[in-house]
Amino acid sequence: MSADANGREHALPDLGPAAPLALPVRAETVLPCGLTVVAIARRTAPLVELRLWVPMALVDVAAGALLAQTLFSGTGTRSATEIAVELQAAGGTLGGRADPDRWLVSGHCLASRLDRLLEVLADVLGDAAYPEYEVSVERGRLADRARVALSQPSHVARAELLKRLYGDHPYAVETPGPERVNAVTAEEVRTLHGRRMCPGGATLVLVGDLDPDDAVELVAHRLGRWTGSCGDTRMPAAPPPSPGPLLLMDRPGAVQSSMRLALPAPVRDHPDNAPLQLANLIFGGYFCSRWMENLREDKGYSYGPSSVIDHSLGGSAVMLSANVATEVTAPALVETLYELGRIAALPPSSAEVERARRYAVGTLQVGMATQAGLAGLAGTLAGFGLRLDYLALHAERLASATVEDVHRVAVTYLGPGHASGVVLGDIERIGRGIAAVTPVEIRQGSPI
């Protein structure tokens, strides 16, 4: 039902059938240097979006992050200012970021200036200088950001959960400590670039107002001389979340507790991924979910509990997060475990599955509607060795998933007995209540 300006309610019309997923015209090749190039036509604006994915597995996270921040700080022939002027002349931007899986260079330009953008990118990839002053400035900024992040309770809770899940695997450290950041030298970054910023295993995705074949040829002309060999850059498999006592971390005097839980999930291209996406939506993955309805709308325990399926090259996990008032921490945990148990013990209704299905398919279609959205999807998939055809397959799996399929994956992955978790809060006030709900491991001493 909906209400008009006078408060009169009107029945909403039924939604029509979901439109089939239409894949755009595209071209792909692997250049002799080893770079995979994917060009996709999406002529909604006279622009081209660029995403370059370079494997970063097993690289020190501080050095990798600093490399990403200073990649465009100068080359042997261009200063940082000259690079910025060139990009501005192309009507575009380029920037870098890093995570344990990859370096991602992203940006855009006018379609008529793609050649100029690629010329700048080729110069940076082949001849990045990492000047001492530029690296020093960015090192200070990165250390400050790390210091701020590690002072935030929500970030600390997630960081401790990752350590608990992954041990000595690279995924255990998402944010480098400021001390390690400050120890990274410009020479270390230059060495890392030469050793690991290589075309083999990298994928460049272009999306926009372009002819795919012509774009591939242009990339071959500009980036075909990018050289370097990195050897085996595969990320080792990460251990799946394993059940165990809930870790209680002390934050004396805290008025709020940060709760983080992790459960296992299948890899991105596994057939279970589609029905699990629906099960997760029903549980806590969107605003109409059971967990949101319970904790926010009914109990008022949390403003925005969130449950997402986190896919990485080394494995996948369902990650739950909620920030709750100290006095309701134990009751909020009870309701969370109840909702996990409910979706694992009882099949969802057909109406719940259908709502989640329409949301999932609709979100996918909306994400592909813009050049930037399509470039982001295509770039992410490329890092997993997948292409846009996977999106069509995933949409088919979403459309065909039954109530029984959704319940089966909920039993397999979402039962509370599969969970591993961390709660950061005032142990003196929350410890006894939580210990009455689940086995706990207590860590005294404030982490902040």
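Residues numbered from 1 in each chain as written. Predicted model: local features only at pLDDT ≥ 70, side-chain atom pairs only at ≥ 80, totals over all residues. Heavy atoms only, no water.

## Let's talk about the packing of aromatic side chains
Part 1 of the reasoning: Considering all chains together, one arrives at three aromatic pairs under this definition.
Part 2 of the reasoning: Between Tyr166 and Tyr171, the aromatic rings sit 5.7 Å apart at their centres with planes inclined by 75 degrees, giving edge-to-face as the arrangement.
Part 3 of the reasoning: The buried category is assigned to Tyr166, whose relative accessible area is 11%.
Part 4 of the reasoning: Against the face of Phe384 rests Arg268, its NZ or CZ located 4.6 Å from the ring centre.
Part 5 of the reasoning: For Arg296, the ring lying beneath its charged end belongs to Tyr303, and the centroid distance is 4.4 Å. (Phe/Tyr/Trp six-rings, centres within 6.5 Å; stacked < 30°, edge-to-face > 60°. Buried < 20%, exposed > 50% of the residue type's maximum accessible area, 1.4 Å probe, protein only. Lys NZ or Arg CZ within 6 Å of the ring centre and 35° of its normal.)

## A word on helix H1 (residues 61–70)
Part 1 of the reasoning: Counting buried positions over the ten residues of H1 gives nine, a clear majority of the element.
Part 2 of the reasoning: For H1, every residue scored as buried is listed here: Val61, Ala62, Ala63, Gly64, Ala65, Leu66, Leu67, Ala68 and Thr70.
Part 3 of the reasoning: Looking at the packing, one finds that the buried side of H1 touches strand E6 (93–99), strand E7 (102–110), helix H4 (132–149), helix H6 (178–183) and helix H7 (186–196).
Part 4 of the reasoning: Two or three places before Ala62, at the opening of H1, Asp60 has a side-chain oxygen 3.2 Å from that residue's backbone nitrogen. (Helix = DSSP H or I, 4+ residues; strand = E, 2+ residues; numbered from the N terminus. Contact = heavy atoms within 4.5 Å. Polar contact = N/O pair within 3.5 Å; in protein donor to acceptor, adjacent residues only side chain to side chain.)

## Notes on the pairing of strand E3 (residues 26–30)
Part 1 of the reasoning: Taken together, the five bridges between E3 and strand E4 (residues 36–41) define a ladder with antiparallel strand orientation. Bridging from a neighbouring strand, Ala27 pairs with Ala39 of E4.
Part 2 of the reasoning: Connecting the antiparallel pair E3 and E4 is a turn made up of five residues, with Gly34 showing a positive phi of about 110 degrees. (Pairing = 2+ DSSP bridges.)

## Quick word on empty space enclosed by the protein
Part 1 of the reasoning: Summed over the entire model, instances satisfying the criterion amount to one cavity of 30 Å³ or more.
Part 2 of the reasoning: Roughly 30 Å³ of volume is contained in the largest cavity.
Part 3 of the reasoning: Forming the walls of the largest cavity are Val54, Ala68, Leu71, Gly96, Arg97, Trp103, Leu104, Val105 and Met197.
Part 4 of the reasoning: For the lining of the largest cavity, the elements supplying multiple residues, two or more each, are E6 and E7.
Part 5 of the reasoning: The element that contributes the greatest number of residues to the lining of the largest cavity is E7, accounting for three residues. (1 Å grid on protein atoms, 1.4 Å probe; cavity = no way out; pocket = protein on both sides within 12 Å on 5 of 7 lines; lining within 4 Å. Points joined across faces, edges and corners; volume = space filled by probe spheres on them.)

## A closer look at the packing of helix H9 (residues 273–285) against helix H15 (residues 403–414)
Part 1 of the reasoning: H15 packs onto H9 with a crossing angle of 80 degrees between their chain directions and a minimal axis gap of 8 Å. The angle between H9 and H15 places the two elements in the roughly perpendicular class. Judged by residue contacts, Pro275, Leu276, Leu278, Ala279, Asn280 and Ile282 of H9 engage Asp405, Val406, Val409, Ala410, Tyr413 and Leu414 from H15.
Part 2 of the reasoning: By residue class, the composition of the contact of H9 with H15 is ten nonpolar, one polar and one charged. (Axes fitted to C-alpha atoms, helices over the stretch in contact; angles between N-to-C directions. Parallel < 35°, antiparallel > 145°, perpendicular 65-115°, else oblique. Nonpolar A, V, L, I, M, F, W, Y, C, P; charged D, E, K, R; others polar.)

## What about the nonpolar core?
Generally speaking, soluble globular proteins have nonpolar side chains that are buried together.
Part 1 of the reasoning: Counting residues in hydrophobic clusters, the biggest one holds 54 residues, and the most contacted among them are Leu35, Leu50 and Leu52.
Part 2 of the reasoning: At seven residues, helix H3 (residues 114–127) tops the list of elements feeding residues into this core.
Part 3 of the reasoning: Each residue touching Leu35, except ones within four places of it in the same chain, is listed here: Thr29, Val30, Leu52, Pro199, Ala202, Thr203, Leu204, Val219, Leu223 and Trp226.
Part 4 of the reasoning: Membership of the second largest hydrophobic core comes to 44 residues, among which are Ala265, Leu276, Phe283 and Ala356. (Core = buried A, V, L, I, M, F, W, Y, C linked by side-chain atoms within 4.5 Å.)

## Structural notes on the side chain of Thr233
Part 1 of the reasoning: Structurally, the position occupied by Thr233 is in the loop between helix H8 (212–223) and strand E9 (246–250).
Part 2 of the reasoning: Setting aside residues no more than four positions away along its own chain, Thr233 makes contact with Pro55, Ala57 and Arg196.

## As for the layout of surface pockets
Part 1 of the reasoning: One number sums up the size of the largest pocket: a volume of about 610 Å³.
Part 2 of the reasoning: For the largest pocket, the lining is made up of 23 residues, of which Arg268, Gln277, Ile309, Thr363 and His394 are closest to its centre.
Part 3 of the reasoning: Within the residue set of the lining of the largest pocket, elements represented by two or more residues are H9, strand E11 (306–312), helix H12 (350–367), helix H13 (371–383) and helix H14 (388–400).
Part 4 of the reasoning: Residues of the lining of the largest pocket, tallied by class, amount to eleven nonpolar, ten polar and two charged.
Part 5 of the reasoning: In this structure, the second largest pocket spans a volume of roughly 420 Å³.
Part 6 of the reasoning: Lining the second largest pocket are 22 residues, with Asp99, Asp101, Asp310, His311 and Ser312 positioned closest to its centre.
Part 7 of the reasoning: Residue assignment for the lining of the second largest pocket shows that the elements contributing at least two residues are E6, helix H5 (153–166), E11 and strand E12 (315–325).
Part 8 of the reasoning: In terms of residues, the lining of the second largest pocket owes the most to one element, E12, which gives four residues.
Part 9 of the reasoning: Its residues assigned to classes, the lining of the second largest pocket comprises nine nonpolar, five polar and eight charged.

## What about the pattern of salt bridges?
Part 1 of the reasoning: Following the criterion strictly, the structure yields 29 salt bridges and no others.
Part 2 of the reasoning: Where Arg102 meets Asp99, a salt bridge forms, and the shortest distance between an N and an O atom there is 3.3 Å.
Part 3 of the reasoning: Using a relative accessible area of 12% as the deciding quantity, one classes Arg102 as buried.
Part 4 of the reasoning: A salt bridge links Arg158 to Asp310, with the shortest nitrogen-to-oxygen separation between them at 3.8 Å. (Salt bridge = Lys/Arg side-chain N within 4 Å of Asp/Glu carboxyl O.)

## Let's talk about the sheet that holds strand E8 (residues 203–208)
Part 1 of the reasoning: Here six strands make up an open sheet; going across it, the order is E3-E4-E8-E5-E7-E6 and the pairing mixed. Two strands lie at the open edges of the sheet, namely E3 and E6, each paired on one side alone. For this sheet, the mean angle separating the axes of adjacent strands, direction not counted, is 15 degrees.
Part 2 of the reasoning: As paired strands, E4 and E8 are joined by six bridges and run parallel to one another. Its bridge partner being in E8, Val37 is matched across the sheet by Leu204.
Part 3 of the reasoning: Relative to the sheet, H1 contacts E6 and E7, its axis offset from that of E6 by approximately 175 degrees.

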